[in-house]
Amino acid sequence: MQPVGPYRFTETSGVCQVGRAWWAVDGQDRLVTVAVLEGAAAADPPWREAFTNAANTLAQTPGGHRYLNADFAAAQPWVAYPSEEDGAAQRLFQMLGMQLRPEGDEPQPGWDATVALPTVVPTQPVPAVTPVHPVSGGPMHPVSGGPMHPVSGGPMHPVSGGPMHPVSGGPVHPVSGGTPYWGPQPVATGHPVSGVPVSGGTPFDPTAATQDPFASPQRRIQPSAPERRSGGSWIGAAVLAVLLVAVSGGLVFWTKAAGRGGDAAPAAPTTFSTTASVDVPLKPWTTFGPYSPEERALAAAAPSLVFLETVVTGYLRDSATNAPLGTKPITVNRRCSGFVVSTKGHVLTSSSCVRPPDEVTREGALDSYADDLVDDHKLTSAQVDEYVQDKLPATSFTGQEPGSQPTVQVYGQLNSARGSLTVAPAVPGQIVEALPAEQGGAAVVKLLREDLPAVELNTSSTLKAGAPLLTVGFRLSDSSSTYTPRARIVTVTDVAQSGSVSIYRVDGDPKRISHGGMALDPSGRVVGILDEGRDEARPDSANDVVIPAATGAALLDKVNVDNALGAADERYRDGLDAYFGGEQPAAVAAFDRVAKESPANLLAQAYRENAAQRQKLEGDSSGQPAWVTVSVAALGGALIAGLVVGLVVLFRRRRQG
């Protein structure tokens, strides 16, 4: 049975004891490879956590593989890689101690499940692992060098051969300040996901495989038969052990209670999927790799993105006589993007979006008028372009009276949008100020609503040619007439002058509706405003423009608007800090408040579900780091073992005496 997911699965490319890899295609018929955890392993929390950790670690390791999409909370967790990421699924399962093989090929005795990875030659022999054999209905866990046995605590660590335990939280990336950099991040020394120090301080290396000389299942020394001991000695030791177990349990309970600080953690929902039950049109955790710097930045800024539609209504007239070309008013619609920058509902965008040059508006009006002539059978479709170009120099676009200005209305929509919408959820607004291109090309719009999520400007950032930028703006959905946010990475090609101000040219094609959108730094602050190209003579495609954030900030100062976050915005960022720092109860509490205070921030609701699901999977409702609880339990266990051994030695000596 094929897994549930956004792909059409075609055939199996490999199988192992705990899952398989599929060839599949996405909605655009692009080839991908999907690794799926199956069977009893998919129902076992330690295996699920190990699968998640391995995928994230592989994505962040230099020379590793970054995935396109994943759902680690699905009944059968899966992760999808682009087809050019050759061997990604193979390496993922190798990190779990498994080896993919063609379907139908049964593993033979001595089958090597930890062969060397493609980019590293092991310095020592690779241990063989025999096939997994299910016992007691649960998945078996790999043990280096011998047959598979159930191991308490979960899957085996892919390097050390010891158990791999679930860890709380996801990887944390540096995101604050600095010049934007959207490349692979260094892997921190320590645990591959949580950052908890590993013995010796050696960074996690998923390609390392060493032979354990003590892993043989055959005992080298046979102990002599134990002498008989009095039952009373063992009864006393057992009673003491039970008491110490109770004490250890009390320590663990006390540790969790201390982490709660007396306050119960918010209840987690009983159902969740990383596809999110909240209908968010932009999912940062699938747009980029989960826990990546791009996801963190996009999550911080995306709620403030606004779809803007400017509606200009007027009359086309003959420039010489002022006679109208028709009796009906003509409407020109201009659609683009913007972003909220103040608690009062002020939006920054590009002037080409909301107040384009008169010639652009006039040409749009002529296009509309020519279409009406086609409908009235006075023109053919083939004659439209010639008609518009012929009339353009000899017409004007005015208000109801000659010489008056056309009427202008502006509407904003958040999250997803529909064109030509002038009632709720569209929010009416007005243009406060718009600079011509030679003065920077920024514009300010005031929406008549004040509970909208805002974003910060980074006015000190200086970009150079070759710098990558994370850009966010609206695009027309491929499958409907809905406009939805889209994010992509572009590259600065050069720094140029436009009149008296500097601008950045970027490659790619952000599309017209993305103009007015934002370019972000790794902390989720805006470093620039997207704008359309200004040099039509350029032969290359690097003609789209980013207006520096400093230009937008100067315009805000001119109209006495402060770029400031509201209380809900600050709380939302606190929630993101907690979420990406692995403190899921705190994240749930913060996102829950934001969802109530700022209903327009749908991502707060979605991330609340993400945090609640991670909290549920980790089994940690206290907010206390998992390593603290584990350490206390281990201390109690060591105390029990030590005292029991001491009692046995004491009783033996007394018998011998």
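Remember, it's a predicted structure, so these values are computed and weren't measured experimentally.

What counts and how
- Residues numbered from 1 in each chain as written.
- Predicted model: local features only at pLDDT ≥ 70, side-chain atom pairs only at ≥ 80, totals over all residues.
- Heavy atoms only, no water.
- Buried < 20%, exposed > 50% of the residue type's maximum accessible area, 1.4 Å probe, protein only.
- Helix = DSSP H or I, 4+ residues; strand = E, 2+ residues; numbered from the N terminus.
- Pairing = 2+ DSSP bridges.
- Patch = residues over 30% accessible without salt bridge, like charges linked within 9 Å, V, L, I, M, F, W, Y side chains within 5 Å.
- Areas by Shrake-Rupley, 256 points an atom, 1.4 Å probe, with all protein chains shown as cover.
- Salt bridge = Lys/Arg side-chain N within 4 Å of Asp/Glu carboxyl O.
- Lys, Arg positive; Asp, Glu negative; His and termini not counted.
- Charge placed at Lys NZ, Arg CZ, Asp CG, Glu CD.
- Contact = heavy atoms within 4.5 Å.
- Core = buried A, V, L, I, M, F, W, Y, C linked by side-chain atoms within 4.5 Å.
- Disulfide = S-S within 2.5 Å.
- 1 Å grid on protein atoms, 1.4 Å probe; cavity = no way out; pocket = protein on both sides within 12 Å on 5 of 7 lines; lining within 4 Å.
- Points joined across faces, edges and corners; volume = space filled by probe spheres on them.
- Axes fitted to C-alpha atoms, helices over the stretch in contact; angles between N-to-C directions.
- Parallel < 35°, antiparallel > 145°, perpendicular 65-115°, else oblique.
- Left-handed = near helix turned anticlockwise from the far one by under 90°.
- Nonpolar A, V, L, I, M, F, W, Y, C, P; charged D, E, K, R; others polar.

Trainee: What is the right way to look at the pairing of strand β6 (residues 305-318) in this model?
Mentor: Along any regular strand the residues' side chains alternate between the sheet's two faces. Most of β6 sits inside the fold, with 12 of its 14 residues counted as buried. Sheet analysis places β6 next to strand β7 (residues 330-340), joined by 10 bridges and oriented antiparallel. Along β7, the bridge assignment pairs T313 with T331. Alignment of β6 against strand β10 (residues 407-414), held across eight bridges, turns out to be antiparallel. Paired with E309 across the two strands is Y411, which belongs to β10. Where β6 lies against strand β9 (residues 395-398), four bridges are found, and the strand directions are antiparallel.

Trainee: Just checking my understanding: could you explain a negative patch on the surface for this structure?
Mentor: Side chains of D371, D372, D375 and D376 sit close together on the surface and give a patch of like negative charge. Structurally, the position occupied by D376 is in the loop between α8 (358-375) and α9 (384-391). Under the relative-accessibility criterion, D376 is labelled partly exposed at 48%.

Trainee: Would you explain the pairing of strand β19 (residues 544-548) in this entry?
Mentor: Within β19, five of the five residues are buried, leaving the element largely enclosed by the surrounding structure. Where burial is concerned, the two faces of β19 agree: the one with D544, V546 and P548 and the one with V545 and I547 are both buried. Relative to β19, strand β16 (residues 501-506) runs antiparallel, the two sharing three bridges. Paired with R505 across the bridge in β19 is V545. Examined bridge by bridge, strand β18 (residues 526-531) and β19 share four bridges and lie antiparallel to one another. What sits directly across from I529, in β19, is I547.

Trainee: Just checking my understanding: could you explain the environment of L379 for this structure?
Mentor: Note that L379 resides in the loop between α8 and α9. In contact with L379, other than residues within four places in its own chain, are A370, L373, V374 and Y387.

Trainee: What am I meant to see in helix α10 (residues 549-558) here?
Mentor: Side chains three or four residues apart in an α-helix point the same way, a direct result of the helix having 3.6 residues per turn. Regarding α10, the residues found buried are A549, T551, G552, A553, L555 and L556. If you follow the buried residues of α10, they end up packed against β8 (346-350), β12 (427-434), β13 (442-447), β18 and β19. Among the residues trailing α10, N560 stands out with phi positive, at a value near 60°.

Trainee: Is there a simple way to explain unusual backbone geometry in this structure?
Mentor: Cis geometry marks the peptide bond from A424 to P425; its omega dihedral reads 10°. The topology assignment puts P425 in the loop between β11 (417-418) and β12. Positive phi, normally seen in glycine, also occurs at Y291, with a value near 70°. Examined against the element boundaries, Y291 turns out to sit in the loop between α5 (284-287) and α6 (293-301). Unusually for a residue other than glycine, S420 sits at a positive phi of about 65°.

Trainee: Looking at this model, I keep getting lost on the nonpolar core. Mind explaining?
Mentor: Most often, soluble globular proteins keep nonpolar side chains buried together rather than apart. Counting 58 residues, the largest nonpolar core has F339, Y572 and Y607 as the members making the most contacts within it. A total of seven residues in this core trace back to one element, the largest contributor, which is helix α13 (residues 602-618). Counting 26 residues, the second-largest nonpolar core is a separate cluster that includes F51, A89, L92 and L96.

Trainee: Explain the state of the cysteines here, please?
Mentor: Taken as a whole, this structure holds one disulfide when the rule is applied. A sulfur-sulfur distance of 1.3 Å marks the disulfide that ties C336 to C353. One end of the pair, C336, is in strand β7; the other, C353, is in helix α7 (residues 351-354), with 17 residues separating them in the sequence. For the pair C336 and C353, a shared accessibility class is recorded, and that class is buried.

Trainee: Would you take a moment to explain empty space enclosed by the protein for this structure?
Mentor: Unoccupied space between atoms shows up once a probe the size of one water molecule is rolled over them. As enumerated under the stated definition, the model contains five cavities of 30 Å³ or more in all. Quantified by volume, the largest cavity comes out at close to 100 Å³. Looking at the largest cavity, the residues that line it are V280, P281, L282, A302, P303, L305, N415, P485, N601, L602 and L603.

Trainee: Honestly, the packing of helix α11 (residues 567-580) against α13 in this entry has me stumped. Any pointers?
Mentor: Two elements in contact, α11 and α13, have axes whose closest approach is 11 Å; the angle formed by their N-to-C orientations is 30°. Viewed along their axes, α11 and α13 adopt a mutual orientation that is roughly parallel. Both α11 and α13 take part in a crossing whose hand is left-handed. Of α13, the residues touching α11 (which contributes Y572, L576, Y579 and F580) are L603, A604, Y607, N610, A611 and R614. When grouped by side-chain class, the residues that make up the contact of α11 with α13 number eight nonpolar, one polar and one charged.

Trainee: Teacher, can you tell me more about the pattern of salt bridges here?
Mentor: Proximity of charged atoms lets side chains of opposite charge pair with each other. Using the criterion set out here, one finds 16 salt bridges in the structure. Close ionic contact of R20 with E38 constitutes a salt bridge, the shortest N to O distance being 3.0 Å. Taken together, the residues span a long stretch of sequence, with R20 in strand β2 (residues 19-25) and E38 in the loop between β3 (31-37) and α1 (39-42) at a distance of 18 residues. The network of salt bridges with shared partners includes R571, R593 and E597.

Trainee: It is not clear to me how the sheet that holds β3 should be interpreted in this structure. Could you clarify?
Mentor: The strands that make up a sheet pair up through hydrogen bonds in the backbone, lying either parallel or antiparallel. The strand order across the open sheet built from five strands is β1-β2-β3-β5-β4, with neighbouring strands paired in antiparallel fashion. What marks the edges here is a single partner per strand, and that holds for β1 (8-16) and β4 (69-71). Across the sheet, the mean angle from the axis of one strand to that of its neighbour is 20°, orientation sign disregarded. Taken together, the seven bridges between β2 and β3 define a ladder with antiparallel strand orientation. Within β3, the residue paired with A21 across the bridge is A35. Lying over the sheet, helix α3 (residues 88-95) contacts β1, β2, β3 and β5 (78-82), oriented at roughly 15° with respect to β3.

The quantities given are spatial measurements derived from coordinates; they are silent on function.
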